[in-house]
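Summary of structural features
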Amino acid sequence: MLILNGSAEYMLTTGEQTKGNRHGFNMFVKSDDLNTQLADIEKYLVDRGWDNIEITDNGLIENIEGINHTVLIEAFKKAQNEGLSVVVNNNAMESN
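What comes next is a walk through the structure. Sequence order sets the numbering: in each chain, residues are counted from 1 along the sequence as written. A pLDDT threshold of at least 70 governs which residues receive local features in this predicted model, and a stricter bar of 80 or more applies before side-chain atom pairs are shown or counted, although totals over entire chains, interfaces and linings include all residues. Based on all heavy atoms of the structure, the side-chain values leave hydrogens and waters out of the count.

Observations regarding the overall build of the protein chain
Numbering goes from the N terminus for both helices and strands, where a helix is a DSSP run of H or I of at least four residues and a strand is a run of E of at least two. A tally of regular secondary structure across the protein chain gives 2 helices and 4 strands. N-terminal to C-terminal, the α/β element order of the protein chain is β-β-α-β-α-β. In this treatment the radius of gyration is a C-alpha quantity, and the globule benchmark scales as 2.2 Å times the residue count to the 0.38 power. Taking 2.2 N^0.38 as the reference for a compact globule, 96 residues should give roughly 12 Å; the C-alpha atoms of the protein chain span a radius of gyration of 13 Å, in line with that estimate. Contact between two residues is taken to exist if any of their heavy atoms lie within 4.5 Å; hydrogens are not considered. Long-range contacts, defined as pairs at least 24 residues apart, comprise 67% of the intrachain contacts of the protein chain with a sequence gap of at least 6. Counting only carbon and sulfur atoms, one obtains 43% of the accessible surface of the protein chain, whose full area is about 6100 Å². The protein chain carries 7 positive and 15 negative side-chain charges, and their two centres are separated by 7 Å. Computed with a 1.4 Å probe, the accessible areas rest on the Shrake-Rupley method; for each residue, only the protein chains presented here act as cover. His is not counted, nor are the chain ends; Lys and Arg add positive charge and Asp and Glu add negative charge. Taken as the charge centre is NZ of Lys, CZ of Arg, CG of Asp or CD of Glu, depending on the residue.

Printed below as a string of structure tokens:
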């Protein structure tokens, strides 16, 4: 399972987030090959109202043994079933 860390800008005027705010995210992708998944990753996030996506780190995780946070464990399981899942930090990043 591929795990990504990054940030994206919220583009919608509805929902819990504020349009234009940037939020950090963690994403799980069932396929291990980042390069072949980039278009699907972008579509997945854009379909949920996110754009200006920056992936800052990525790696592979074999199983949920090393994950301690309940929300991330659920996201890992969802990606196993659906192929992709994302957890967005509710708190916007501070702009520089």
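Topic: the nonpolar core
We define the nonpolar core as a collection of buried residues of types Ala, Val, Leu, Ile, Met, Phe, Trp, Tyr and Cys that are connected through side-chain atoms lying within 4.5 Å of one another. Only protein chains enter the area calculation, which uses a 1.4 Å probe; residues under 20% of their type maximum are buried, those over 50% are exposed, and those in between are partly exposed. One finds Leu 4, Met 27, Val 29, Ile 41, Leu 45 and Leu 84 to be the most contacted residues of the largest nonpolar core, which totals 13 residues. At the level of elements, β1 (2–10), β2 (22–29) and α1 (34–46) are the ones that each hand at least two residues to this core. If we ignore the near neighbours within four places in the chain, the residues touching Ile 41 are Leu 4, Met 27, Val 29, Leu 34 and Leu 84.

Details of helix α2 (residues 70–82)
An expected span of 1.5 Å times one less than the residue number is assigned to each helix. The first and last C-alpha atoms of α2 sit 18 Å apart over 13 residues, in line with the 18 Å expected at 1.5 Å per residue. Those residues of α2 that sit buried are Ile 73, Ala 75, Phe 76 and Ala 79. Seen along its axis, α2 keeps its buried residues to an arc of 160°; they face one direction. Within α2, the exposed residues directed more than 90 degrees away from the buried face are Thr 70, Asn 81 and Glu 82. Tucked inside the fold, the buried residues of α2 contact β2 and β4 (84–88). Gly 83 sits one or two positions beyond α2 and adopts a positive phi of about 100°. This arc is built from the directions going out from the helix axis to the C-beta atoms.

Let's talk about the environment of Asp 51
Residue placement: Asp 51 occurs in strand β3 (residues 50–60). Taking the C-alpha atoms as reference points, Asp 51 and Asp 33, separated by 18 residues in sequence, lie 21 Å from one another. Excluding anything up to four places from it in sequence, Asp 51 contacts Ala 8, Glu 9, Met 11 and Val 46.

None of this, on its own, says anything about what the molecule does.
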